[in-house]
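# Remarks on the overall topology
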Amino acid sequence: RFHHTSASHLCSCSKTISDQKYQDPFQLGRKDLKNLYEDIKKELLVSAAELKEMCDYYFDGKGKAFRPMIVVLMARACNIHHSNSKEVQASQRSVAIIAEMIHTASLVHDDVIDDANSRRGKRTLNQIWGERKAVLAGDFILSAASVALARIGNTTIISVLTQVIEDLVRGEFLQLGSKENENERFAHYLEKTFKKTASLIANSCKAVSILGCPDPKVHEIAYQYGKNVGIAFQLIDDVLDFTSCADHLGKPTAADLKLGLATGPVLFACRQFPEMNAMIMRRFSKPGDVERARKYVLQSDGVQQTTYLAQRYCHAATREIRKLRPSPEREALVHLTEMVLMRDK
């Protein structure tokens, strides 16, 4: 179904978006994200110096703040759609802060599970402080996010955002398993991708739409936009694991293969090189498996197919967000789908 590999087909979506007048998402969202990391650090007030240093480690202001930016842009787009108000409510900004805290806590825990040694171009918490303390630091960030969530005082929002934490755990369990059947395997991969990456963006977008607009149709638009962008974001991440260099990416390449994971490019490559099936089932554990699998992926159209699939998800996100009233924020969210596809790290 996804076998469309011509270069012109791959580029068509970028052209159509580029030709339109767009708003830079980072410029538009900057005002609402000012002091974001300082505000997160206030949520992490703790007397133990070592725990504080660990919790502050990734909130150094050097992250892209991709998730909070989507959340504040969605908040404004929904507010404008409902009441023509351009201001982000305090509770909506809190959702952006909570989303970044949940995301970072999940990274800390992922690095422990994966025994990773670098993240965002620097050593991981588990490398510096050890696994036990890293797990506890992740737990602490998550608990601080829960306190901030309770402070919003809206049970629907609490329900929507706690779903994210459940999905993160279920997604990690899905990642630990693998499927024998090829079709089941792809569905398994996409479900894992939704739970581990897209659920946070989808449910955060839904939360701010609930706070800004009473219409359930708008809540669904926000959710579907976040879900589709989130899946596309992870698909491109999986492509970059094969095409980007480690220095540029800020973490080692072919990391997923080394962890025994078959991502989109591998699953597509497997259709051209069926001998990869045995490697997938043994999770690339034999000597030389990782190198051979990487070679097969780069010889196949796995990277192009995964990129094309990411474009499909971005098109779906664009279709959803265009259902809202026109606004600079809506156009910025459209442009953001192009940025997801074009990113190189």
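- An unreviewed UniProt entry lists the protein chain under the name All trans-polyprenyl-diphosphate synthase PDSS1, with Mystacornis crossleyi given as the organism.
- Of the protein chain, the UniProt comment under Subcellular location (unreviewed entry) reads exactly: "Mitochondrion".
- Per its UniProt entry, the protein chain bears the Pathway (unreviewed entry) comment "Cofactor biosynthesis; ubiquinone biosynthesis."

### Overview of the side chain of Arg185
- With respect to the helices and strands, the residue Arg185 is situated in helix H10 (residues 182-212).
- Take Arg185: its relative accessible area is 6%, and that puts it in the buried class.
- In this structure the side chain of Arg185 is engaged in a polar contact, spanning 2.8 Å, whose partner is the side chain of Asn277.
- Beyond its immediate stretch of four places on either side in the chain, Arg185 contacts Lys179, Glu180, Leu267, Cys270, Asn277, Ile280 and Met281.

### A few points about the pattern of salt bridges
- Counted according to the given criterion, the structure contains 19 salt bridges.
- A salt bridge links Asp32 to Arg76, with the shortest nitrogen-to-oxygen separation between them at 3.0 Å. Separated by 44 residues along the polypeptide, Asp32 in helix H2 (residues 25-33) and Arg76 in helix H5 (residues 66-83) bring together distant segments of the chain.
- For Arg76, a relative accessible area of 8% translates into the label buried.

### Observations regarding the environment of Gln305
- Structurally, Gln305 can be placed in helix H17 (residues 302-321).
- Residues Gln305 and Leu107, 198 residues apart in the sequence, show an inter-C-alpha distance of 27 Å.

### Considerations on the environment of Cys213
- Its location among the elements puts Cys213 in the loop between H10 and helix H11 (216-243).
- On the basis of relative accessibility, which here comes to 3%, the residue Cys213 falls in the buried class.
- The spatial distance from the C-alpha of Cys213 to the C-alpha of Asn79 is 6.5 Å, given a sequence separation of 134 residues.
- The contacts of Cys213, once residues within four sequence positions are left out, are Cys78, His82, Val218 and His219.

### Examining the packing of aromatic side chains
- Evaluated as defined, the whole model comprises seven aromatic pairs.
- Taken together, the ring pairs in this structure connect Tyr57, Tyr58 and Trp129 into an aromatic cluster.
- The lysine or arginine in question, Arg67, covers the ring of Phe233, its NZ or CZ lying 5.3 Å from the ring centre.
- Above the face of the Tyr57 ring, Lys122 is positioned so that its terminal group lies 4.1 Å from the ring centre.

### Let's talk about empty space enclosed by the protein
- For the coordinates displayed, the defined rule picks out two cavities of 30 Å³ or more.
- Approximately 180 Å³ is the volume attributed to the largest cavity.
- Together, 17 residues line the largest cavity, and Gln175, Gly177, His188, Leu261 and Ala262 are the ones closest to its centre.
- Mapped onto the lining of the largest cavity, the elements with two or more residues apiece are helix H9 (155-176) and H10.

### Topic: the packing of H10 against helix H14 (residues 264-272)
- Packing of H10 against H14 brings their axes to within 10 Å, and their N-to-C directions diverge by 165 degrees. Between H10 and H14, the interaxial angle falls into the category roughly antiparallel. Along this stretch, H10 crosses H14, giving a crossing that reads as left-handed. The segment H10 lies against H14, with Glu182, Arg185, Phe186 and Tyr189 engaging Gly264, Leu267, Phe268, Cys270 and Arg271.
- Of the residues belonging to the contact of H10 with H14, the class tally is five nonpolar, one polar and three charged.

### Some details on the side chain of Gln234
- Structurally, Gln234 is set in helix H11.
- Relative accessible area serves as the criterion here: at 14%, Gln234 is assigned to the buried category.

### Focus on H14
- Across the nine residues of H14, seven count as buried, placing the element largely inside the fold.
- Listed as buried for H14 are Gly264, Pro265, Val266, Leu267, Phe268, Ala269 and Cys270.
- In the core, the buried residues of H14 are packed alongside H10, H11, helix H13 (255-258), helix H15 (276-281), helix H16 (289-299) and H17.

### Details of a nonpolar patch on the surface
- Together, Ile113, Val169, Phe173 and Leu176 give the surface a local cluster of nonpolar side chains, amounting to about 430 Å² of exposed area.
- A total of three residues in the nonpolar patch trace back to one element, the largest contributor, which is H9.
- By the secondary structure assignment, Ile113 is in helix H6 (residues 90-114).

Definitions and cut-offs
- Residues numbered from 1 in each chain as written.
- Predicted model: local features only at pLDDT ≥ 70, side-chain atom pairs only at ≥ 80, totals over all residues.
- Heavy atoms only, no water.
- UniProt positions renumbered as here; feature names shortened; annotations may be inferred.
- Helix = DSSP H or I, 4+ residues; strand = E, 2+ residues; numbered from the N terminus.
- Buried < 20%, exposed > 50% of the residue type's maximum accessible area, 1.4 Å probe, protein only.
- Polar contact = N/O pair within 3.5 Å; in protein donor to acceptor, adjacent residues only side chain to side chain.
- Contact = heavy atoms within 4.5 Å.
- Salt bridge = Lys/Arg side-chain N within 4 Å of Asp/Glu carboxyl O.
- Phe/Tyr/Trp six-rings, centres within 6.5 Å; stacked < 30°, edge-to-face > 60°.
- Lys NZ or Arg CZ within 6 Å of the ring centre and 35° of its normal.
- 1 Å grid on protein atoms, 1.4 Å probe; cavity = no way out; pocket = protein on both sides within 12 Å on 5 of 7 lines; lining within 4 Å.
- Points joined across faces, edges and corners; volume = space filled by probe spheres on them.
- Axes fitted to C-alpha atoms, helices over the stretch in contact; angles between N-to-C directions.
- Parallel < 35°, antiparallel > 145°, perpendicular 65-115°, else oblique.
- Left-handed = near helix turned anticlockwise from the far one by under 90°.
- Nonpolar A, V, L, I, M, F, W, Y, C, P; charged D, E, K, R; others polar.
- Patch = residues over 30% accessible without salt bridge, like charges linked within 9 Å, V, L, I, M, F, W, Y side chains within 5 Å.
- Areas by Shrake-Rupley, 256 points an atom, 1.4 Å probe, with all protein chains shown as cover.

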